[in-house]
Amino acid sequence: MKGTMIRPATPGEAFLLPAIERSAGEIFREWPGLEWIADDTVQSEDQHRALMATGVALVADLPDDGVVGFLNGEHRGDALHLWQIAVHRAWQGRGIGRQLIEAAGRVARGQGLQALTLTTFRAVAWNEPLYQRLGFITLDSEEIPPWLTAVLDAEGRAGIPVARRCAMRKSLSYQRSELM
């Protein structure tokens, strides 16, 4: 969305992010069998602050509306693993999530990482199909590294239906100027 500034999150903004994630989850009320996600737990302020301190945490900031979305993740192997991407329900469908992912790719490239990874729901319009359009590929079970298998296993133990989940990876290409 034009005018959106994607920038690093600050610890003072951590209190805003759980409400954004809760709002973003409201869209799941429209998806049969996954409605419960709208009422599920979200990342706490402390979890957000920890990722700001040790990982990558970005926000989408609109000039007149403030912070309306966020992305956070951490280094795993040769990748930046994206733990959460959330855009307030009122601002979804305007390309803000895409801008957050593009910015995460730039950050990861700047840190010499080779890819972005995430786990998400299969066949949910704003999950796997959207990420595929953004250049992510769905990994076959034999392609999933052990650490990412552990993420999927943990999601299953937390009650997320693993049969409906997938792991995805987007290789990051480097511009010639970035390699010099």
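Residues numbered from 1 in each chain as written. Predicted model: local features only at pLDDT ≥ 70, side-chain atom pairs only at ≥ 80, totals over all residues. Heavy atoms only, no water.

Chemist: Which residues make up the overall build of the protein, and what values go with them?
Modeler: Broken down by element type, the protein carries six helices and seven strands. Secondary structure elements of the protein, listed N to C terminal, follow the sequence β-α-α-β-β-β-α-β-α-β-α-β-α. Relative to the 2.2 N^0.38 estimate, which gives 16 Å for 180 residues, the radius of gyration of the protein is 16 Å and therefore close to what a compact globule would have. For the protein, the spread of C-alpha atoms along the three principal axes comes to 50 × 45 × 30 Å. Going through the 180 residues of the protein one by one, you find that 43% of them count as buried. Put simply, of all contacts in the protein between residues at least 6 apart along the chain, 69% involve residues at least 24 apart. Here the protein displays about 9200 Å² of accessible surface, and carbon together with sulfur accounts for 53% of that area. Charge-centre separation for the protein: the mean point of 19 positive side chains lies 5 Å from the mean point of 22 negative side chains. (Helix = DSSP H or I, 4+ residues; strand = E, 2+ residues; numbered from the N terminus. Rg over C-alpha atoms; globule rule 2.2 N^0.38 Å. Buried < 20%, exposed > 50% of the residue type's maximum accessible area, 1.4 Å probe, protein only. Contact = heavy atoms within 4.5 Å. Areas by Shrake-Rupley, 256 points an atom, 1.4 Å probe, with all protein chains shown as cover. Lys, Arg positive; Asp, Glu negative; His and termini not counted. Charge placed at Lys NZ, Arg CZ, Asp CG, Glu CD.)

Chemist: Help me get a handle on the packing of aromatic side chains, residues and values and all.
Modeler: Each aromatic ring pair is specified by the distance between its two centres and by the angle formed by the two planes. In total, this model carries four aromatic pairs according to the counting rule given. Note on Tyr131 and Phe136: the rings are 5.7 Å apart at their centroids and 70° apart in plane angle, and the pair reads as edge-to-face. Residue Phe136 is classed as buried on the basis of its relative accessible area, which comes to 2%. The structure contains a cluster of three or more aromatic residues connected by ring pairs, namely Phe28, Trp31, Phe121 and Trp126. The ring centre of Phe121 lies 4.5 Å from the NZ or CZ of Arg165, which sits over that ring. (Phe/Tyr/Trp six-rings, centres within 6.5 Å; stacked < 30°, edge-to-face > 60°. Lys NZ or Arg CZ within 6 Å of the ring centre and 35° of its normal.)

Chemist: Can you lay out the sheet that holds strand E2 (residues 56-62) for me, pointing to particular residues and giving the numbers?
Modeler: Taken in spatial order, the seven strands line up as E1-E2-E3-E4-E5-E7-E6 in an open sheet, and their pairing is mixed. Of all strands in the sheet, those with a lone pairing partner are strand E1 (5-8) and strand E6 (137-138), marking the two edges. Where helix H5 (residues 146-157) meets the sheet, it contacts strand E3 (66-76), strand E4 (79-87), strand E5 (115-121) and strand E7 (165-171), and its direction lies at approximately 25° from that of E5. (Pairing = 2+ DSSP bridges. Axes fitted to C-alpha atoms, helices over the stretch in contact; angles between N-to-C directions.)

Chemist: Residue-level account of the environment of Thr41, with values.
Modeler: Looking at where Thr41 falls in the secondary structure, it is placed in the loop between helix H1 (17-25) and helix H2 (45-54). In sequence terms Thr41 and Gly95 are 54 residues apart; their C-alpha atoms lie 25 Å from each other.

Chemist: Let's hear about the side chain of Thr120: which residues, and what values?
Modeler: Within the secondary structure, Thr120 sits in strand E5. Classification of Thr120 as buried rests on a relative accessible area of 3%. Of note is the side chain of Thr120, whose polar atom sits 2.9 Å from the side chain of Asn127. Sequence-distant contacts of Thr120, defined by excluding residues within four places in its chain, comprise Asn127, Glu128, Tyr131, Arg164, Arg165, Cys166 and Met168. (Polar contact = N/O pair within 3.5 Å; in protein donor to acceptor, adjacent residues only side chain to side chain.)

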